[in-house]
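Below are the chains, spelled out letter by letter.
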Amino acid sequence: MKNVNKKFTETNVRVNCRFSYSHVFQPRKNEKSGKMKYDCCLVISKDDKQAVQLINEAIEGAKALYKEKFGAPKGRLKTVVHDGDEDRPDDPVFANTLYINASSERKPGVKMLENGMLVDCLDEEDFYSGCYGAADINFFPYNNSGACGISCGLNNVLKLEDGEKLSGTGMSADAAFGDLV
């Protein structure tokens, strides 16, 4: 896959990833806040040292913003970056990865590269859980009713390659029922 990792600002980066639990076309109700949000789990290989470094730098930038806005934290700040080997040891999709749950109340831009051009992804047939690409994300601090940490906003996603679908059989209705005609 093409390396498209890039740092935009101290807290905003673009990283190569695999997409899982993708809800980028229709929002869904966030269990904690009750708000409708678009979200996606970004699965990043630990072998992609550049992406890991960019994520760590962006989190440090968000920690600095936390200190500016809220003062020194009382203890360790929670983050949305998780170690797949520790948190999901029985799931091969998350082996040797970091994963980030990113969300937004605003619909993210959803694109793909086709014949060297950026084009809109129109539906789940184009962009789905299991495809590979890049995510434009930003890390930001929060301090709500005693809960404090660093969260991740989902700005834009780009599909670069197909991958094995991570949900359902991936079989089309025509394939499933074509023998009945």
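Residues numbered from 1 in each chain as written. Predicted model: local features only at pLDDT ≥ 70, side-chain atom pairs only at ≥ 80, totals over all residues. Heavy atoms only, no water.

Engineer: Describe the side chain of asparagine 16, naming the residues involved and giving the relevant values.
Structural biologist: Considering the arrangement of structural elements, one finds asparagine 16 in strand 2 (residues 12–29). Asparagine 16 gets classed as buried once you look at its relative accessible area, which sits at 6%. Within polar-contact distance, the side chain of asparagine 16 engages the backbone oxygen of lysine 2 at 2.7 Å. Here asparagine 16 is in contact with Met1, Lys2, Asn3, Val4, Asn5, Ile44, Asp48, Gly133, Ala134 and Leu160, once residues within four sequence places are set aside. (Helix = DSSP H or I, 4+ residues; strand = E, 2+ residues; numbered from the N terminus. Buried < 20%, exposed > 50% of the residue type's maximum accessible area, 1.4 Å probe, protein only. Polar contact = N/O pair within 3.5 Å; in protein donor to acceptor, adjacent residues only side chain to side chain. Contact = heavy atoms within 4.5 Å.)

Engineer: Could you give an account of the environment of lysine 29, with specific residues and numbers?
Structural biologist: Among the secondary structure elements, lysine 29 is positioned in strand 2. Not counting the four nearest positions on each side in its chain, lysine 29 is found in contact with Gly34, Lys35 and Met36.

Engineer: Can you break down unusual backbone geometry residue by residue, with the values?
Structural biologist: The phi dihedral of tyrosine 21 is positive, around 50°, even though this residue is not glycine. Checked against the element boundaries, tyrosine 21 lands in strand 2. Positive phi, close to 55°, is recorded for asparagine 115, a residue that is not glycine. Within the secondary structure, asparagine 115 is located in the loop between strand 7 (109–114) and strand 8 (117–120). The class for asparagine 115 is exposed, based on a relative accessible area of 77%.

Engineer: So, the layout of surface pockets: which residues are in play, and what are the values?
Structural biologist: Taken as a whole, the largest pocket spans an internal volume of roughly 1,200 Å³. Lining the largest pocket are 35 residues, and of these Asn30, Lys32, Lys37, Ser103 and Ser151 lie nearest its centre. Of all the secondary structure elements, the ones that give two or more residues to the lining of the largest pocket are strand 2, strand 3 (36–45), strand 4 (78–79), strand 6 (97–104), strand 9 (132–144) and strand 10 (147–161). Of the residues forming the lining of the largest pocket, the biggest block, 7 residues, is contributed by strand 10. Here the lining of the largest pocket is built from residues that sort into 12 nonpolar, 12 polar and 11 charged. Put simply, the second largest pocket is a space of about 320 Å³. (1 Å grid on protein atoms, 1.4 Å probe; cavity = no way out; pocket = protein on both sides within 12 Å on 5 of 7 lines; lining within 4 Å. Points joined across faces, edges and corners; volume = space filled by probe spheres on them. Nonpolar A, V, L, I, M, F, W, Y, C, P; charged D, E, K, R; others polar.)

Engineer: Before we move on, can you summarise helix 1 (residues 49–70) with the specific residues and values?
Structural biologist: When the terminal C-alpha atoms of helix 1 are compared, their 31 Å separation across 22 residues agrees well with the 32 Å that a helix rising 1.5 Å per residue should span. Looking one or two residues past helix 1, glycine 71 carries a phi angle of roughly 85°, positive in sign. (Expected span 1.5 Å × (residues − 1).)

Engineer: Which residues make up the pairing of strand 9, and what values go with them?
Structural biologist: Where strand 2 and strand 9 come together, 7 bridges link them in antiparallel fashion. For valine 15, the partnering residue across the bridge sits in strand 9 and is alanine 135. Bridge analysis of strand 9 against strand 10 gives 13 bridges, and the strand direction is antiparallel. Bridge pairing in strand 10 links asparagine 138 to glycine 153. The hairpin turn running from strand 9 into strand 10, its antiparallel successor, is 2 residues long, and serine 145 in that turn takes a positive phi close to 50°. (Pairing = 2+ DSSP bridges.)

Engineer: I'd like to hear about the packing of aromatic side chains, residue by residue, with values.
Structural biologist: All chains considered together, the criterion is met by 3 aromatic pairs. Ring centres of phenylalanine 19 and phenylalanine 127 lie 4.6 Å apart, and the angle between their planes is 55°; on these two criteria the pair is classed as tilted. Of this pair, phenylalanine 19 sits in strand 2 while phenylalanine 127 is found in the loop between strand 8 and strand 9, placing the two residues 108 residues apart along the sequence. Residue class for phenylalanine 19 comes out buried when judged on its relative accessible area of 0%. With a centroid separation of 5.0 Å and an interplanar angle of 70°, the aromatic rings of phenylalanine 94 and tyrosine 99 are classed as edge-to-face. There is no split in this pair, since phenylalanine 94 and tyrosine 99 are both buried. Sitting over the face of the ring of phenylalanine 94, arginine 88 holds its NZ or CZ atom 4.1 Å from the ring centroid. (Phe/Tyr/Trp six-rings, centres within 6.5 Å; stacked < 30°, edge-to-face > 60°. Lys NZ or Arg CZ within 6 Å of the ring centre and 35° of its normal.)

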